[in-house]
Amino acid sequence: MSEDLAGEGDSGRPRHAAPALALVAVAAAGSLLAGCSGDSGGGGTARCGPAPSADVSQADLYGSYSGPHGARLELTAVGGTSVTFSVKNWPKEEGPGILTEKVPTFDGAGVWKLLNAPGEDGEVGLAFDGLDTSARGATVTELRVGEDDGHTVLFARLGDPDVCRVLTLS
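All figures in this text were calculated on a predicted structure; none of them were measured in a lab.

Chemist: Could you give an account of the pairing of strand E8 (residues 151-157), with specific residues and numbers?
Modeler: Pairing geometry for strand E7 (residues 142-148) and E8, over five bridges, is antiparallel. Looking at E8, one finds that Glu147 is bridged to Thr152. As paired strands, E8 and strand E9 (residues 166-169) are joined by four bridges and run antiparallel to one another. Residue pairing for E9: Phe155 is matched across the bridge by Thr168.

Dropping the structure here:
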């Protein structure tokens, strides 16, 4: 005897297998579409990196920050609206390898500024003085402002956005 899954069974009651199977298929497809991205920007619940900070001012960011392999960043104010920075052991690369490997570094300086509009998550842009054009595109020049355990940190997401790798300077 051949039965339609959506039809009636031997007992004369409607069969609910087709709707149940459709629900399972939709749920499975939804979990595949959501993925497990490390970034909350795609609507997922996971966050990649420290909690972002909005409404930060330049004065909130002055100070020294340190990162992996001895990387150091100093954000200072010269006076007025001029804000400068200096780096020591700054990676010449920007990929995820800078987290695990000892990569070539350099010391440098320049000016920095907030790149975000008011009310948006804080982002700092670094403009290096005298950096040759080949290194300019290969080093970290933008950092997000975040908070970790009540302290301001600067961070950059590195490499593939589907894999959470973060350079954190605290």
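Chemist: So what's going on with the state of the cysteines? Residues and values would help.
Modeler: Enumeration over the complete set of coordinates arrives at one disulfide. In this model, Cys48 is linked to Cys164 through a disulfide, with the two sulfur atoms separated by 2.2 Å. Taking the torsion about the sulfur-sulfur bond, which here is approximately 100 degrees, the covalent link between Cys48 and Cys164 counts as right-handed. You can see Cys48 sitting in the loop between helix H1 (17-34) and strand E1 (51-52) and its partner Cys164 sitting in the loop between E8 and E9, a full 116 residues away along the chain. According to the relative accessible area criterion, Cys48 is buried, its value standing at 3%.

Chemist: Could you give me a rundown of the packing of aromatic side chains, with the residues and numbers involved?
Modeler: Aromatic ring pairs: the centre-centre distance and the angle between the two ring planes describe each pair. Tallied over the entire structure, the rule returns three aromatic pairs. Centre to centre, the rings of Tyr62 and Trp112 are 6.1 Å apart; their planes meet at 80 degrees, and the pair counts as edge-to-face. Here Tyr62 is found in the loop between helix H2 (58-61) and strand E2 (63-66), whereas its partner Trp112 is found in strand E5 (residues 105-114), with 50 residues between them in sequence. A relative accessible area of 35% means that Tyr62 is categorised as partly exposed. Plain terms: the ring middles of Phe85 and Phe128 are 5.0 Å apart, the flat faces sit at 90 degrees to each other, and that makes the pair edge-to-face. Here Phe128 lies in strand E6 (residues 123-128) and Phe85 lies in strand E4 (residues 82-91), a separation of 43 residues in the sequence. You'll find Phe85 and Phe128 in the same group, each marked buried.

Chemist: Go over the environment of Val163 with me, naming the residues and quoting the values.
Modeler: Of note, Val163 is situated in the loop between E8 and E9. Spatially, the C-alpha atoms of Val163 and Pro96 are 9.9 Å apart, while their sequence positions differ by 67 residues.

Calculation rules
Residues numbered from 1 in each chain as written. Predicted model: local features only at pLDDT ≥ 70, side-chain atom pairs only at ≥ 80, totals over all residues. Heavy atoms only, no water. Pairing = 2+ DSSP bridges. Helix = DSSP H or I, 4+ residues; strand = E, 2+ residues; numbered from the N terminus. Disulfide = S-S within 2.5 Å. Buried < 20%, exposed > 50% of the residue type's maximum accessible area, 1.4 Å probe, protein only. Phe/Tyr/Trp six-rings, centres within 6.5 Å; stacked < 30°, edge-to-face > 60°.

Remember, this is a structural readout, not a statement about activity or role.
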